[in-house]
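Commentary on secondary and tertiary structure
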Amino acid sequence: MKKKALIVWGGWDGHQPKQCAEIFGPILEKEGFEVRVSNSLDVYLEKDYMESLSLVTPIWTMDSTPSDKQVAGLIEAVKGGVGIAGWHGGMCDSFRNNTTYQFMTGGQWVAHPDNIRDYTVNITNKHDPITKGIPDFQMKSEQYYMHTDPGNEVLATTTFNCLEAPWVNGTVMPVVWKRVWGKGRVFYSSLGHVAADFDVPEAKEIQRRGMVWAAR
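Residues numbered from 1 in each chain as written. Predicted model: local features only at pLDDT ≥ 70, side-chain atom pairs only at ≥ 80, totals over all residues. Heavy atoms only, no water.

**Side note on the environment of Val-200**
Turning to its location among the elements, Val-200 is positioned in the loop between strand 11 (184-189) and helix 6 (201-214). Sequence spacing of Val-200 and Pro-58 is 142 residues, and the spatial spacing of their C-alpha atoms is 21 Å. With near-sequence residues (within four places) excluded, Val-200 lies in contact with Phe-137, Gln-138 and Met-139. (Helix = DSSP H or I, 4+ residues; strand = E, 2+ residues; numbered from the N terminus. Contact = heavy atoms within 4.5 Å.)

Below you can see the structure in the form of structure tokens.
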């Protein structure tokens, strides 16, 4: 029987959630998953289906309107063992009013000084299977400044050197991490502002590996 993966996209169109779903749906299928794609949070209310999943990939940004029951359906599924793996604002700027969701994901976006800029991603754990063999690399995108959980297992970081908020320069910020929530594995990468960011092979490969790792 194939493992099941769910991709849920929606929220703010600026992050191109549908286009990103179209990139990673086929990748998960190639990894052997039976993939369902939904653009409704109501799927999180399907308790039996949610419990049957191996992985959820959320691509849903800046939405303060979901019901507590919808978000709780996702949180409880992960606590029960379903993996969750996502990126950028599609996972860590989804439900700004739900601190339990943020507790689960391990972080929340707060700023991206200088907006689109060149920056370096530094691989800090060179032995983890998600980052092994991947060198430091360059991005031209939003460099996420985040509030993060000190319990995260950080795999990659970036160092700030910006014009808009020079008081944060020198800050080393997590970019890629993994953690657990109950019985579920949680993976996050702050890369992926728009679909074209995954044209950077390292960003795309880290995300692919993180999804595979998180899946039960």
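Still more to cover.
**Details of the nonpolar core**
If you look at soluble globular proteins, the nonpolar side chains tend to sit buried side by side. Among the nonpolar cores identified, the biggest contains 35 residues, and Leu-55, Val-121, Phe-137, Met-139, Phe-187, Leu-191 and Ile-206 are the most heavily contacted of them. Each residue touching Leu-55, except ones within four places of it in the same chain, is listed here: Lys-4, Ala-5, Leu-6, Leu-28, Phe-33, Val-82, Gly-83, Ile-84, Ala-85, Met-211, Ala-214 and Ala-215. Val-43, Val-56, Ile-75 and Val-168 belong to the second largest nonpolar core, which has 34 residues in total. (Core = buried A, V, L, I, M, F, W, Y, C linked by side-chain atoms within 4.5 Å. Buried < 20%, exposed > 50% of the residue type's maximum accessible area, 1.4 Å probe, protein only.)

**As for helix 6**
In this model helix 6 runs 20 Å from its N-terminal to its C-terminal C-alpha over 14 residues, within 8% of the 20 Å that 1.5 Å per residue would give. All of the buried residues along helix 6 are Ala-203, Ile-206, Gln-207, Arg-209, Gly-210, Met-211, Trp-213 and Ala-214. (Expected span 1.5 Å × (residues − 1).)

**Some points on the packing of aromatic side chains**
Using the criterion set out here, one finds eight aromatic pairs in the structure. Cluster of aromatic residues (ring-pair linked, three or more members): Phe-24, Trp-87 and Phe-198. Across from the ring centre of Tyr-49, 4.6 Å away, lies the NZ or CZ of Arg-36, which sits over that ring. (Phe/Tyr/Trp six-rings, centres within 6.5 Å; stacked < 30°, edge-to-face > 60°. Lys NZ or Arg CZ within 6 Å of the ring centre and 35° of its normal.)

**Observations concerning the packing of helix 1 (residues 17-30) against helix 6**
Axis separation between helix 1 and helix 6 bottoms out at 11 Å; the angle between their running directions is 50°. As far as their axial angle goes, helix 6 and helix 1 are oblique. Considering the relative orientation of helix 1 and helix 6, their crossing is right-handed. Facing helix 1, whose interface residues are Ile-23, Phe-24, Ile-27 and Leu-28, helix 6 presents Lys-204, Gln-207, Arg-208 and Met-211. Looking at the contact of helix 1 with helix 6, its residues break down into five nonpolar, one polar and two charged. (Axes fitted to C-alpha atoms, helices over the stretch in contact; angles between N-to-C directions. Parallel < 35°, antiparallel > 145°, perpendicular 65-115°, else oblique. Left-handed = near helix turned anticlockwise from the far one by under 90°. Nonpolar A, V, L, I, M, F, W, Y, C, P; charged D, E, K, R; others polar.)

**Re the state of the cysteines**
Tallied over the entire structure, the rule returns zero disulfides. Note on Cys-20: no disulfide assigned, nearest cysteine sulfur contributed by Cys-92 at a separation of 15 Å. (Disulfide = S-S within 2.5 Å.)

**A short note on helix 3 (residues 68-79)**
A rise of 1.5 Å per residue sets the reference length of helix 3, with its 12 residues, at 16 Å; its end C-alpha atoms lie 16 Å apart and thus fit the reference within 8%. All buried positions along helix 3 are accounted for by Gln-70, Val-71, Gly-73, Leu-74, Ile-75, Ala-77 and Val-78. Immediately beyond the C-terminal end of helix 3, within one or two residues, lies Gly-81, with a positive phi of roughly 130°.

**Points about unusual backbone geometry**
Excluding glycine, a negative phi dihedral is what most residues carry, and trans is how most peptide bonds are arranged. Phi is positive for Gln-16, which is not a glycine, with a value near 50°. Structurally, Gln-16 is set in the loop between strand 1 (3-11) and helix 1. Among the residues examined, Gln-16 registers a relative accessible area of 26% and is labelled partly exposed. The backbone of Asp-114 shows a phi angle near 70°, a positive value even though the residue is not glycine. Of note, Asp-114 is situated in the loop between strand 5 (107-111) and strand 6 (116-123).

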